Amino acid sequence: MDFDVDDAATLMALLDEKRPRLVTQSLLSGWDMLQTDLPSRERIESAAAVLVGTGLATVDADWGMQLTAEGARIRRAVPGRGLGMRQIPGILGAQLRERDVARADLVLPASLYDAAFTAYMDAAAHREERAYRRHWWETWKPRRQD
């Protein structure tokens, strides 16, 4: 199979049918939480192309992605309780492998991805700086003398 079903399953785990999810810092953060890596623009594009081509998601002109009714049905069938969030893409991937998957012709604009990537990296740097300051303060502040 030419399609990266694992990436499509990861993206599917991050989408819902109620509102479109844009390619933003939060999408990259969710992907990073599930896979402990950041996807390239091409990986997101390819994952979305598989979901759209298979009829499980839609992508609008602003690259707002959401699950179709069929995609939401498959997503809801994965039990949320008792599983770790990182196990959900594996279960969805197994279900996608049982389907005839197709690929839609989609192009994720580099400007959308680059803005999300920059925002994610800036937020990560800010979190790291806050953690450093907190650590510095905890090691520097005077200890109580009892």
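Residues numbered from 1 in each chain as written. Predicted model: local features only at pLDDT ≥ 70, side-chain atom pairs only at ≥ 80, totals over all residues. Heavy atoms only, no water.

(A) Structural context of the nonpolar core. Ranked by size, the top nonpolar core spans 34 residues in total, and within it Leu11 and Leu51 carry the most contacts. Contributing elements (two or more residues each) for this core: α1 (5-14), α2 (25-35), α3 (41-53), β2 (65-67), α4 (69-77), α5 (88-97) and α6 (110-140). Counting residues per element, this core draws most heavily on α1, at 7 residues. Those residues within four positions of Leu11 in sequence are excluded, and the remaining contacts are Leu27, Trp31, Ile44, Ala47, Ala48, Leu51 and Met65. (Core = buried A, V, L, I, M, F, W, Y, C linked by side-chain atoms within 4.5 Å. Buried < 20%, exposed > 50% of the residue type's maximum accessible area, 1.4 Å probe, protein only. Helix = DSSP H or I, 4+ residues; strand = E, 2+ residues; numbered from the N terminus. Contact = heavy atoms within 4.5 Å.)

(B) Spatial organisation of unusual backbone geometry. Here Thr36, not a glycine, exhibits a phi torsion of approximately 50 degrees, which is positive. Along the chain, Thr36 falls in the loop between α2 and α3. Classification of Thr36 by relative accessible area gives exposed; the value is 54%. Residues other than glycine seldom take positive phi values, yet Trp63 does so here, at roughly 65 degrees. Take Trp63: it is sitting in the loop between β1 (57-59) and β2.

(C) Structural context of the pattern of salt bridges. Here the structure, examined in full by the defined rule, presents 9 salt bridges. Among the salt bridges present, the one from Glu42 reaches Arg41, with a minimum N-O distance of 3.3 Å. Here Glu70 ties to Arg99 by a salt bridge, and the two come within 3.4 Å at their closest N and O atoms. Placement of the pair is Glu70 in helix α4 and Arg99 in the loop between α5 and α6, with a sequence separation of 29 residues. Judged by relative accessible area, which is 27%, Arg99 ranks as partly exposed. Overlapping salt bridges bring together Asp7, Asp37 and Arg43 as one network. (Salt bridge = Lys/Arg side-chain N within 4 Å of Asp/Glu carboxyl O.)

(D) Expanded view of the side chain of Thr10. Within the secondary structure, Thr10 sits in helix α1. Setting aside anything within four residues of it in sequence, one finds Thr10 in contact with Trp31, Leu34, Gln35 and Pro89.

(E) Just α4, in detail. Every buried residue of α4 is listed here: Gly71, Ala72, Ile74 and Arg75. Projected down its long axis, α4 shows its buried positions confined to an angular sector of 160 degrees, all on one face. The outward face of α4, more than 90 degrees from its buried face, is lined by the exposed residues Ala69, Arg76 and Ala77. In the core, the buried residues of α4 are packed alongside α1, β2 and α5. (Arc of directions from axis to C-beta.)

(F) Quick peek at the environment of Gly93. Position of Gly93 among the secondary structure elements: in helix α5. Look at Gly93 and you get buried, because its relative accessible area is 0%. The spatial distance from the C-alpha of Gly93 to the C-alpha of Asp6 is 5.4 Å, given a sequence separation of 87 residues. Once residues lying within four places of it in the same chain are set aside, the contact partners of Gly93 are Val5 and Ala9.

(G) Here's a closer look at the packing of α1 against α5. One way to put it is that α1 packs onto α5 with a least axis distance of 8 Å and a crossing angle of 120 degrees. The orientation of α1 with respect to α5, classified from their angle, is oblique. For the pair α1 and α5, the crossing hand works out as right-handed. In contact with Val5, Asp6, Ala8, Ala9, Thr10, Met12 and Ala13 of α1, α5 contributes Ile88, Pro89, Leu92, Gly93, Leu96 and Arg97. Split into classes, the residues belonging to the contact of α1 with α5 amount to 9 nonpolar, 2 polar and 2 charged. (Axes fitted to C-alpha atoms, helices over the stretch in contact; angles between N-to-C directions. Parallel < 35°, antiparallel > 145°, perpendicular 65-115°, else oblique. Left-handed = near helix turned anticlockwise from the far one by under 90°. Nonpolar A, V, L, I, M, F, W, Y, C, P; charged D, E, K, R; others polar.)

Keep in mind these numbers describe shape, not what the thing actually does.
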